[in-house]
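Each chain is listed here by its residues.
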Amino acid sequence: MQNHITTSIVLYGKKDHTYSNSWIKFYNNAKELTTNLGFSPTHIGIYGQSFKTSKIKDINKIEKKLVKSIEKNEETLAISIYSLPENFSLAAFDYEVYISLENLDDNDYMLIATFKDEIYNLVDEREFIEQFSKYIKFEAGQIFKLSNLESPQIYASKANSLQAFKTLEILKDFL
């Protein structure tokens, strides 16, 4: 596990009930973006009615079960797509691309995409926000840099105070 700077886009909002099948569309969109950046979506983390563990799994081994679960309208609370190198040690720190949509509580959602800093240069911010903000009723967001070891996901979920993040650099706020 190496320390490196990441750049993240985080979007906050409410569940958009008018957008049907948003979980499967989000999943496919996240896989497509990862592939378009030149990386393979290798692993997935799912939490929902048929998925009670937070353990990530090989995407090829779990994709059919995920699609069936969504088609049966089972409750889904989070889907995270990872592009991990072959010999990764910890998914939480070793990803090249990480894209996640999660239900924070009743109606509040967070969508975060985190990239190694050099990969972020390939991302069109406006296109990303336009594409991914449709999965929630977009209310606010931010683009920030942070060391992977300080966990951008923890910062984005507002679990710790700002002072806990030594390498944090906020690039843009969207209100």
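Residues numbered from 1 in each chain as written. Predicted model: local features only at pLDDT ≥ 70, side-chain atom pairs only at ≥ 80, totals over all residues. Heavy atoms only, no water.

### What about helix α2 (residues 59-71)?
The end-to-end C-alpha separation of α2 is 18 Å, in line with the 18 Å expected for 13 residues at 1.5 Å each. Residues of α2 that are buried include every one of Ile 59, Ile 62, Leu 66, Ser 69 and Ile 70, and no others. Looking at the packing, one finds that the buried side of α2 touches α1 (22-36), β2 (43-48), β3 (57-58) and β4 (76-83). The N-cap residue of α2 is Asp 58: its side-chain oxygen and the backbone nitrogen of Asn 60 are 2.8 Å apart. (Helix = DSSP H or I, 4+ residues; strand = E, 2+ residues; numbered from the N terminus. Expected span 1.5 Å × (residues − 1). Buried < 20%, exposed > 50% of the residue type's maximum accessible area, 1.4 Å probe, protein only. Contact = heavy atoms within 4.5 Å. Polar contact = N/O pair within 3.5 Å; in protein donor to acceptor, adjacent residues only side chain to side chain.)

### Re the packing of α1 against α2
The N-to-C vectors of α1 and α2 enclose an angle of 155°; their axes lie 10 Å apart at closest approach. It follows that α1 is roughly antiparallel to α2 by the angle criterion. Touching Trp 23, Ile 24, Tyr 27 and Lys 31 of α1 are Ile 59, Glu 63, Leu 66, Val 67 and Ile 70, all from α2. When its residues are assigned to classes, the contact of α1 with α2 shows seven nonpolar, no polar and two charged. (Axes fitted to C-alpha atoms, helices over the stretch in contact; angles between N-to-C directions. Parallel < 35°, antiparallel > 145°, perpendicular 65-115°, else oblique. Nonpolar A, V, L, I, M, F, W, Y, C, P; charged D, E, K, R; others polar.)

### Section: the pattern of salt bridges
Evaluated as defined, the whole model comprises five salt bridges. Note that Glu 125 is salt-bridged to Lys 172, the shortest N-O span being 2.6 Å. Pair noted here: Glu 125 is in helix α5 (residues 125-132) and Lys 172 is in strand β8 (residues 169-174), with a separation of 47 residues, a long-range link. Looking at Lys 172, the relative accessible area reads 40%, which means it is partly exposed. (Salt bridge = Lys/Arg side-chain N within 4 Å of Asp/Glu carboxyl O.)

### Topic: the packing of α1 against α5
Closest axis-to-axis distance for the α1/α5 pair is 11 Å, and the angle between their directions is 160°. In terms of orientation, α1 and α5 fall into the roughly antiparallel class. Seen along the crossing, α1 lies across α5 with a hand that is right-handed. In contact with Phe 26, Asn 29, Ala 30 and Leu 33 of α1, α5 contributes Phe 128, Gln 131 and Phe 132. (Left-handed = near helix turned anticlockwise from the far one by under 90°.)

### As for the environment of Phe 165
Inspection of the secondary structure puts Phe 165 in the loop between α6 (152-156) and β8. For the pair Phe 165 and Ile 46, spaced 119 residues apart in sequence, the C-alpha to C-alpha distance is 27 Å. In this structure, Phe 165 is in contact with Leu 146, Glu 150, Ser 151, Ile 154, Tyr 155 and Asn 160, ignoring residues within four places of it in sequence.

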